[in-house]
Amino acid sequence: MMPLTMANVGENVAIRRIGGKDETRRFLETLGFVVGGTVSVITEINGNMIVNVKDSRVAISKEMANKIQI
């Protein structure tokens, strides 16, 4: 496993684990980041990412992206 920040732009990857505190995990789940789901990186700037998850574009910080294991 590796953090989402290591994914290549345009690559579809499966979410294997979501770390962090309960509130952080719940927040990410409301955005569509669930274990077994697919996410693709649209762009990455200084570690901050815009990703496509469940047909939505979502911007997440580097800290949040590091909690999502692929």
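It should be emphasised that the depicted structure is a prediction, and the values quoted were computed from it without experimental measurement.

**Examining the overall build of the protein chain**
Phase 1 of the analysis: In terms of helices and strands, the protein chain carries two helices and six strands.
Phase 2 of the analysis: Along the protein chain, from the amino end to the carboxyl end, the secondary structure elements read β-β-α-β-β-β-α-β.
Phase 3 of the analysis: Whereas a compact globule of 70 residues would reach a radius of gyration of roughly 11 Å, the protein chain reaches 10 Å, a difference of no more than 12%.
Phase 4 of the analysis: For the protein chain, buried positions account for 34% of its 70 residues.

**Thoughts on the side chain of serine 40**
Phase 1 of the analysis: Mapped onto the elements, serine 40 comes out in strand E3 (residues 38–45).
Phase 2 of the analysis: Overall, the relative accessible area of 12% leaves serine 40 in the buried class.
Phase 3 of the analysis: The residues contacting serine 40, other than those within four sequence positions of it, are Glu11, Asn12, Val51 and Asn52.

**Observations regarding the environment of asparagine 52**
Phase 1 of the analysis: As for its position among the elements, asparagine 52 is in strand E4 (residues 48–53).
Phase 2 of the analysis: Considered as a pair, asparagine 52 and glycine 10 are 42 residues apart in the sequence and their alpha carbons are 9.5 Å apart.
Phase 3 of the analysis: Setting aside residues no more than four positions away along its own chain, asparagine 52 makes contact with Thr38, Val39, Ser40, Ile42 and Arg57.

**Here's the deal with the sheet that holds E3**
Phase 1 of the analysis: Taken together, four strands build an open sheet; the order of strands is E1-E3-E4-E5 and the sheet is antiparallel. Strands with a single pairing partner mark the edges of an open sheet, and in this sheet they are strand E1 (12–14) and strand E5 (56–60). Each neighbouring strand pair of the sheet contributes to a mean axis angle of 35 degrees, computed without reference to strand direction.
Phase 2 of the analysis: Across five bridges, the pairing between E4 and E5 is antiparallel. Its bridge partner being in E5, isoleucine 50 is matched across the sheet by alanine 59.

**So, the side chain of glutamine 69**
Phase 1 of the analysis: When you line up the elements, glutamine 69 lands in strand E6 (residues 68–69).
Phase 2 of the analysis: Overall, glutamine 69 belongs to the buried group, its relative accessible area being 15%.
Phase 3 of the analysis: Engagement of the side chain of glutamine 69 in a polar contact is seen with the backbone oxygen of asparagine 66, the distance being 3.3 Å.

How each quantity is defined
Residues numbered from 1 in each chain as written. Predicted model: local features only at pLDDT ≥ 70, side-chain atom pairs only at ≥ 80, totals over all residues. Heavy atoms only, no water. Helix = DSSP H or I, 4+ residues; strand = E, 2+ residues; numbered from the N terminus. Rg over C-alpha atoms; globule rule 2.2 N^0.38 Å. Buried < 20%, exposed > 50% of the residue type's maximum accessible area, 1.4 Å probe, protein only. Contact = heavy atoms within 4.5 Å. Pairing = 2+ DSSP bridges. Axes fitted to C-alpha atoms, helices over the stretch in contact; angles between N-to-C directions. Polar contact = N/O pair within 3.5 Å; in protein donor to acceptor, adjacent residues only side chain to side chain.

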